[in-house]
Amino acid sequence: MDINDYDVKNILKLISEDVQKYVGRGSVASYIPLLAKANPKSFALTLIDKNMEIHTVGDDCTEFSIQSVSKVFTLTMALNLVDEEVWGRMDREPSGKAFDSLVHLEEHNGIPANPFVNSGAIVLADILITALGDQAVPEFLKFMRKVSGNPELKINQEVYQCEKDTGFKNYSFGHYIKSYGNIENDVDLVLDAYFQFCSLDITNIDLCRSFYFLMNQGVSILGERVTTHRHCKRINSIMFTCGTYDEVGEFAYTVGLPVKSGVSGAIGGCLPDQYAVSVWSPELNKKGNSFLGHKALEALTTMLDKSYLS
Ligand code: GLU
């Protein structure tokens, strides 16, 4: 199968119409109060094929905060900077617990289950601060502008402040991990960076463009090498096994792509060597994944008849 054998634009259109029946079945995240303001009916679905052709439907130019999808990019930066040392600080196993659960940390002496749960991403932020000092956030912004090809990307200051004011569980992760010696820097500094990473504003098209390098063996949509093929292979594997909270089994079965989701309702991912894909719809299912986003990706891999493993 080759993506060019399909009328992708029409497939996306059919999917976007079909998933409308699920509007109202999920609920918009509200534990970060600003997220509750999202329009529950928003929906965008974008696919960029390996020839860089962009197929897109819906509210694809509306900005939302990237939230946990940022963890894919901070992991890439950390692997570029310290390579395998990352795995001395966290595991790469699905946690089987909610993204904000403390239980795993207690059982594993402050070693997060994987880089895509909050505790793991907080340790990633610590790794970036140790390596880059006060340039960690500017370098993240630079990285995101590079992978998306959009030099205008910026941190949403209101979301950042809101996360800072209400991220009590994230502060407890930071202090708890520090008590085991697995945070090297000041906890407030680390959380400050983590919240800014989550607060990057992005559109669905730019999110899709940002995943292009993971489809394309490490080379971005602008033709720049972002990371090695070896890292891409591994990041994709971790997305496949840990990218959708404690619903990874269901996603592997129904969607079958390496993807990462976030509480703003975004999901980004790829089919290596074929296409990058992103979907955004703010209503979440009970596991915290976009309700319509999940259904749309399931329909996409069904209609294109190809997934990660076969
Ligand atoms: N900023 C959110 C938090 O730390 C990200 C959660 C998510 O998208 O999974 O709670």
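Please refer to the structure higher up on the page.
Everything numeric in this text was worked out from a predicted model, so none of it was measured. (Residues numbered from 1 in each chain as written. Predicted model: local features only at pLDDT ≥ 70, side-chain atom pairs only at ≥ 80, totals over all residues. Heavy atoms only, no water.)

Chemist: Can you help me understand the environment of Thr254 in this one?
Modeler: Looking at the element boundaries, Thr254 is found in helix H12 (residues 248-254). Look at Thr254 and you get buried, because its relative accessible area is 13%. With 58 residues separating them in the primary sequence, Thr254 and Gln196 have C-alpha atoms 32 Å apart. Within the local environment of Thr254, its side chain forms a polar contact with the backbone oxygen of Glu250, the two atoms lying 2.7 Å apart. (Helix = DSSP H or I, 4+ residues; strand = E, 2+ residues; numbered from the N terminus. Buried < 20%, exposed > 50% of the residue type's maximum accessible area, 1.4 Å probe, protein only. Polar contact = N/O pair within 3.5 Å; in protein donor to acceptor, adjacent residues only side chain to side chain.)

Chemist: Explain unusual backbone geometry here, please?
Modeler: Note: most residues except glycine have negative phi, and most peptide bonds are trans. One non-glycine residue, Met52, lies in the positive phi region at around 70 degrees. Along the chain, Met52 turns up in the loop between strand S2 (44-49) and strand S3 (54-58). In this structure, Asn109 is a non-glycine residue whose phi angle is positive, near 50 degrees. You can see Asn109 is positioned in the loop between helix H3 (103-107) and helix H4 (118-132). According to the relative accessible area criterion, Asn109 is exposed, its value standing at 52%.

Chemist: Please clarify how the pairing of S2 should be interpreted in this entry.
Modeler: For a regular strand, side chains alternate in direction, first toward one face of the sheet and then toward the other. Burial analysis of S2 places six of its six residues in the buried class, which makes it a mostly covered element. The side-chain alternation of S2 yields two buried faces, one formed by Ala44, Thr46 and Ile48 and the other by Leu45, Leu47 and Asp49. In this structure, S2 lies alongside S3, joined through five bridges in antiparallel fashion. Note that in S3 the partner of Leu47 across the bridge is His55. Hairpin connection between S2 and S3: a loop of four residues separates the two successive antiparallel strands, and Met52 in this loop has a positive phi of roughly 70 degrees. Pairing analysis gives six bridges linking S2 to strand S8 (residues 275-280), with the strands arranged antiparallel. Residue pairing for S8: Ile48 is matched across the bridge by Ala276. (Pairing = 2+ DSSP bridges.)

Chemist: How should the sheet that holds S2 be read in this particular structure?
Modeler: What holds strands together in a sheet is hydrogen bonding between their backbones, with the strands either parallel or antiparallel. Sheet architecture is open: five strands sit in the order S3-S2-S8-S7-S6, paired in antiparallel fashion. If you trace the sheet from one side to the other, it starts and ends with S3 and strand S6 (259-261), each paired once. For this sheet, the mean inter-axis angle between neighbouring strands, taken without regard to orientation, is 10 degrees. Where helix H13 (residues 291-304) meets the sheet, its contacts fall on S2, S6, strand S7 (266-271) and S8, and the angle it forms with S8 comes to roughly 150 degrees. (Axes fitted to C-alpha atoms, helices over the stretch in contact; angles between N-to-C directions. Contact = heavy atoms within 4.5 Å.)

Chemist: Please clarify how the state of the cysteines should be interpreted in this entry.
Modeler: What is meant by a disulfide is a covalent connection between two cysteines, made through their sulfur atoms. One pass over the full model with this rule turns up zero disulfides. This cysteine, Cys61, is not joined by any disulfide, and Cys208 carries the nearest cysteine sulfur, 12 Å off. Cys270 provides the cysteine sulfur closest to Cys208, a residue in no disulfide bond, and the two sulfurs are 9.8 Å apart. For Cys208, a relative accessible area of 0% translates into the label buried. (Disulfide = S-S within 2.5 Å.)

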